[in-house]
Amino acid sequence: MEEIIKKAEILIDALPYIRNFFGKTFVIKYGGAAQTKDELKESFAKDVVMLNYIGIRTVIVHGGGPKISATMERMGKKPEFINGQRVTDQETMDIVEMVLGGLINKEIVSLINRHGGRAVGLSGKDGGLIKARKKGIKKPTAETGGGEVIDLGLVGEVTSVDPAVIEGLERSGFIPVVSPIGAGPDGETLNINADFVASAISSSLKAEKLMLLTDVPGLLDKGGKVIPTLRKGEMDALLKDGTIAGGMVPKVMACLNAILNGVGKTHIVDGRVPHCLLLEIFTKEGIGTEILV
Ligand SMILES: Nc1ncnc2c1ncn2[C@@H]1O[C@H](COP(=O)(O)OP(=O)(O)OP(=O)(O)O)[C@@H](O)[C@H]1O
Ligand SMILES: [Mg+2]
């Protein structure tokens, strides 16, 4: 008896959060690096379904870095990165689109549907969701401290989001699952970092939360300890001294942009922890790193 009363108490502990978040939208970026073990994928899908049944709307944006690289290698192509971003020629773009929009997107859709949700997969091309343009990046050089502009190929940055297709799906009780591909001005397909896509979508929806699930416990300091909250003012120093590097750079930028554009809260969360979504949402302590202005 005591056991089941305890269970009821745990459920009731979630009441203030459920009341607060009822009807609100959370944008969740499911990082490729966190899509590892089958049990974890299951617990992710169950969390998403649970959130929707208690009235929290979710939009999932997924990455797929490791799977894209593995597929490229299987096809005899060497993945190449500059500043944590994939160099994308046309052949690589074809692989990216197949793996992200085909394999990974549909895997997440089926997982959610198997647990009783109604997920619909789409890419940024569908319904004109994401317009993008080619992105040139500057590579810092030791001598000049400045930078030569590098062509990453078909790598894009979001120029605008038309959330109508997502809003329509949400209104009908569907769970949108978005792959981070956008259409360029001439209809070309562009590969966009999923953190930025999630950020732009969360801003356009004025979402309650943006949550980035990844394969580390949060933003780590030089000593490898989680930084529970990071403010805008503290960011520059950590970027300059290389504490924030590689795939973490787009994450902090994505969170900051979202916060500055009207998203309620942003978190970087360890997607390898079972039920990380529920832990972050329904506990006072939360987990991972919260980015604040
Ligand atoms: N200060 C830092 N704290 C934590 N991780 C960091 C830091 N600096 C760099 N990283 C790296 O960032 C990585 C996470 O970004 P990464 O792009 O690899 O994964 P993801 O974004 O979750 O997946 P995907 O890119 O496939 O969507 C970590 O695995 C870690 O190696
Ligand atoms: Mg990444």
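In the block above lies the structure referred to throughout.
Let me sum up the structure you'll find in this document. (Residues numbered from 1 in each chain as written. Chains lettered and ligands numbered in written order. Predicted model: local features only at pLDDT ≥ 70, side-chain atom pairs only at ≥ 80, totals over all residues. Heavy atoms only, no water.)

**Focus on the overall build of the protein chain**
Right, so step 1: Assigned secondary structure in the protein chain consists of 10 helices and 14 strands.
Right, so step 2: Here the protein chain has a C-alpha radius of gyration of 19 Å; the compact-globule value for 293 residues is 19 Å, and the two agree.
Right, so step 3: Each principal axis of the C-alpha distribution contributes one length, and for the protein chain these read about 70 × 40 × 35 Å.
Right, so step 4: In the protein chain, which comprises 293 residues, the share counted as buried stands at 47%.
Right, so step 5: Sequence-distant contacts in the protein chain: of pairs separated by 6 or more residues, those separated by 24 or more amount to 73%.
Right, so step 6: With an accessible surface of roughly 14,000 Å², the protein chain has 56% of that area assigned to carbon and sulfur atoms.
Right, so step 7: Taking the 36 positively charged and 36 negatively charged side chains of the protein chain as two groups, their mean positions are separated by 2 Å. (Helix = DSSP H or I, 4+ residues; strand = E, 2+ residues; numbered from the N terminus. Rg over C-alpha atoms; globule rule 2.2 N^0.38 Å. Buried < 20%, exposed > 50% of the residue type's maximum accessible area, 1.4 Å probe, protein only. Contact = heavy atoms within 4.5 Å. Areas by Shrake-Rupley, 256 points an atom, 1.4 Å probe, with all protein chains shown as cover. Lys, Arg positive; Asp, Glu negative; His and termini not counted. Charge placed at Lys NZ, Arg CZ, Asp CG, Glu CD.)

**Re the nonpolar core**
Right, so step 1: If you look at the biggest cluster of nonpolar residues, it comprises 72 residues, and the most contacted ones within it are Val 27, Ile 28, Phe 44, Ile 60, Ile 112, Ile 201 and Leu 213.
Right, so step 2: The biggest single contributor to this core is helix α5 (residues 90-114), with 10 residues.
Right, so step 3: Residue contacts for Leu 213: discarding those within four places in its chain leaves Ile 28, Lys 29, Tyr 30, Gly 31, Ala 34, Phe 44, Val 269, Gly 271, Cys 276 and Leu 277.
Right, so step 4: In this structure, Ile 82, Ile 137, Ile 150 and Val 155 belong to the second largest nonpolar core, which totals 5 residues. (Core = buried A, V, L, I, M, F, W, Y, C linked by side-chain atoms within 4.5 Å.)

**Observations regarding the side chain of Ser 69**
Right, so step 1: For Ser 69, the location among the structural elements is in helix α4 (residues 65-74).
Right, so step 2: Assessed through its relative accessible area of 13%, Ser 69 is described here as buried.
Right, so step 3: Within the structure, the side chain of Ser 69 is placed 3.2 Å from the side chain of Arg 86, a separation counted as a polar contact.
Right, so step 4: Each residue touching Ser 69, except ones within four places of it in the same chain, is listed here: Pro 79, Phe 81 and Arg 86. (Polar contact = N/O pair within 3.5 Å; in protein donor to acceptor, adjacent residues only side chain to side chain.)

**Some thoughts on the sheet that holds strand β11 (residues 209-214)**
Right, so step 1: Strand order across the open sheet formed by 8 strands is β5-β8-β2-β1-β11-β13-β14-β12, with mixed pairing between neighbours. Strands with a single pairing partner mark the edges of an open sheet, and in this sheet they are β5 (119-123) and β12 (229-231). With direction set aside, neighbouring strand axes in the sheet form an average angle of 20 degrees.
Right, so step 2: Set on the sheet, α5 makes contact with β1 (25-30), β2 (57-62), β5 and β8 (175-179); between it and β8 the angle comes to about 160 degrees.
Right, so step 3: Packing of helix α9 (residues 248-260) onto the sheet brings it into contact with β1, β11, β12, β13 (265-270) and β14 (289-292), and relative to β13 it is tilted by some 155 degrees. (Pairing = 2+ DSSP bridges. Axes fitted to C-alpha atoms, helices over the stretch in contact; angles between N-to-C directions.)

**Thoughts on the site of ligand 1**
Right, so step 1: The environment of ligand 1 is formed by 21 residues, the closest being Lys 29, Thr 214, Asp 215, Thr 243 and Lys 251.
Right, so step 2: One of the backbone N or O atoms of Leu 220 is found 2.9 Å from a nitrogen atom in ligand 1.
Right, so step 3: The contact in question runs from a nitrogen atom of ligand 1 to an N or O atom on the backbone of Thr 243, over 2.7 Å.
Right, so step 4: When the free accessible area of ligand 1 is taken as 640 Å², the share hidden by the protein chains comes to 76%.
Right, so step 5: Counting only elements with at least two residues in the shell around ligand 1, the list comes to α4, β11 and α9.
Right, so step 6: Partitioning the shell around ligand 1 into residue classes produces 9 nonpolar, 9 polar and 3 charged. (Near = heavy atom within 4 Å. Nonpolar A, V, L, I, M, F, W, Y, C, P; charged D, E, K, R; others polar.)

**Some thoughts on the packing of aromatic side chains**
Right, so step 1: Throughout the structure, instances matching the rule amount to 3 aromatic pairs.
Right, so step 2: Judged by centre distance (6.3 Å) and plane angle (80 degrees), the rings of Tyr 17 and Phe 282 are edge-to-face. Taken as a pair, Tyr 17 in helix α2 (residues 15-21) and Phe 282 in helix α10 (residues 276-282) lie far apart in primary sequence, 265 residues in all.
Right, so step 3: Its relative accessible area of 22% is what places Tyr 17 among the partly exposed residues.
Right, so step 4: In this structure, Arg 118 is placed above the aromatic ring of Phe 174, and the distance from its NZ or CZ to the ring centre is 4.3 Å. (Phe/Tyr/Trp six-rings, centres within 6.5 Å; stacked < 30°, edge-to-face > 60°. Lys NZ or Arg CZ within 6 Å of the ring centre and 35° of its normal.)

Nothing here speaks to function; it is geometry throughout.
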